[in-house]
Amino acid sequence: MLCNSLKINEIFDSIQFEGGFCGTPATFIRLQGCSVGCSFCDTKKTWNSQDGNLFAVQEICRQVNCNHVVITGGEPFEQDIFELCELLLSFGKTVQIETSGTVECDVPDDVFVTLSPKHKYKKLIPQALERANEFKIVLGKEQDVNDVDVFKRHGSALWFQPMSRTKKGLDLCIKAAKIHDGRISIQTHTYLGLD
């Protein structure tokens with residue numbers, strides 16, 4: 001079986017501090033390349049697909065130290081990650097993908113997909129919405145709370161995350177959680193000074 005290579009920005013061990021896996025030790029595989037261009041992005045270093053280093057999927061797997069693996073970006077689905085996911089699953093890892101929902105989600109069924117919708121920047125793909133196991137919705141203004149209904153229809157868990165570390169941002173999340181029967185996801189790692 002031929003093995004493909006992926007453009008990698010970084011691989012590191014930390015704790016998943018967002019969404020349903022909050023508190024879980026994880027190896028993060030941050031892929032290079034993203035054409036979405038969110039103004040509030042905290043990983044703009046991943047945008048240029050020409051940057052980063054090329055690694056074979058077996059080499060990537062050798063750098064995984066934790067039982068839980070988070071494949072993030074950039075936008076992970078702008079590269080073909082199916083083989084990487086299959087290999088990680090074959091090693092008994094749980095695999096979580098963090099995606100914007102702007103590219104089709106082509107991964108094995110056992111992969112957990114966290115979709116953080118970036119519909120204000122690029123069109124969402126219906127297949128990605130259907131495939132999502134949870135939605136992590138970033139809230140920055142009042143209108144964002146009203147826009148949640150489109151994601152609620154898909155029946156996946158709803159997590160609300162403030163765009164900024166302000167009382168206003170947290171208040172929007174509390175309001176959304178009450179209205180839409182969701183939960184609040186705070187980027188705890190930013191308060192702790194972790195990656």
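The sections below set out a description of the structure shown in this document.

Rules used throughout
Residues numbered from 1 in each chain as written. Predicted model: local features only at pLDDT ≥ 70, side-chain atom pairs only at ≥ 80, totals over all residues. Heavy atoms only, no water. Salt bridge = Lys/Arg side-chain N within 4 Å of Asp/Glu carboxyl O. Helix = DSSP H or I, 4+ residues; strand = E, 2+ residues; numbered from the N terminus. Buried < 20%, exposed > 50% of the residue type's maximum accessible area, 1.4 Å probe, protein only. Core = buried A, V, L, I, M, F, W, Y, C linked by side-chain atoms within 4.5 Å. Contact = heavy atoms within 4.5 Å. Phe/Tyr/Trp six-rings, centres within 6.5 Å; stacked < 30°, edge-to-face > 60°.

In this structure the tally under the stated criterion is 6 salt bridges. Its salt-bridge partner being Arg62, residue Glu59 comes within 3.2 Å of it at the nearest N-O pair. Separated by 3 residues within a single helix, Glu59 and Arg62 lie in helix H1 (residues 57-62), roughly one turn from each other. We note a salt bridge from Glu142 to Lys175, for which the minimum N-O separation is 2.2 Å. Of this pair, Glu142 sits in helix H4 (residues 142-146) while Lys175 sits in helix H6 (residues 167-180), and the two are 33 residues apart along the sequence. The exposure class of Lys175 is partly exposed, given its relative accessible area of 36%.

What follows concerns the nonpolar core. By size, the foremost hydrophobic cluster in this structure holds 39 residues, and its most contacted members are Ile29, Ile71, Ile81, Leu84, Leu88, Ile97 and Phe160. For this core, the leading source of residues is H6, giving 4 residues. Setting aside anything within four residues of it in sequence, one finds Leu88 in contact with Ile29, Cys61, Val64, Val69, Ile71, Lys93 and Val95.

Following the criterion strictly, the structure yields 3 aromatic pairs and no others. Between Phe12 and Phe28, the ring centres sit 5.2 Å apart and the planes meet at 5°, which makes this aromatic pair stacked. Of this pair, Phe12 sits in strand E1 (residues 5-16) while Phe28 sits in strand E2 (residues 24-31), and the two are 16 residues apart along the sequence. Each of the two residues, Phe12 as well as Phe28, counts as buried. Relative to Phe112, the ring of Phe21 lies with its centre 5.0 Å away and its plane at 90°, an arrangement referred to as edge-to-face. Of the two residues, Phe21 is situated in the loop between E1 and E2 and Phe112 in strand E6 (residues 112-115); the sequence distance between them amounts to 91 residues.

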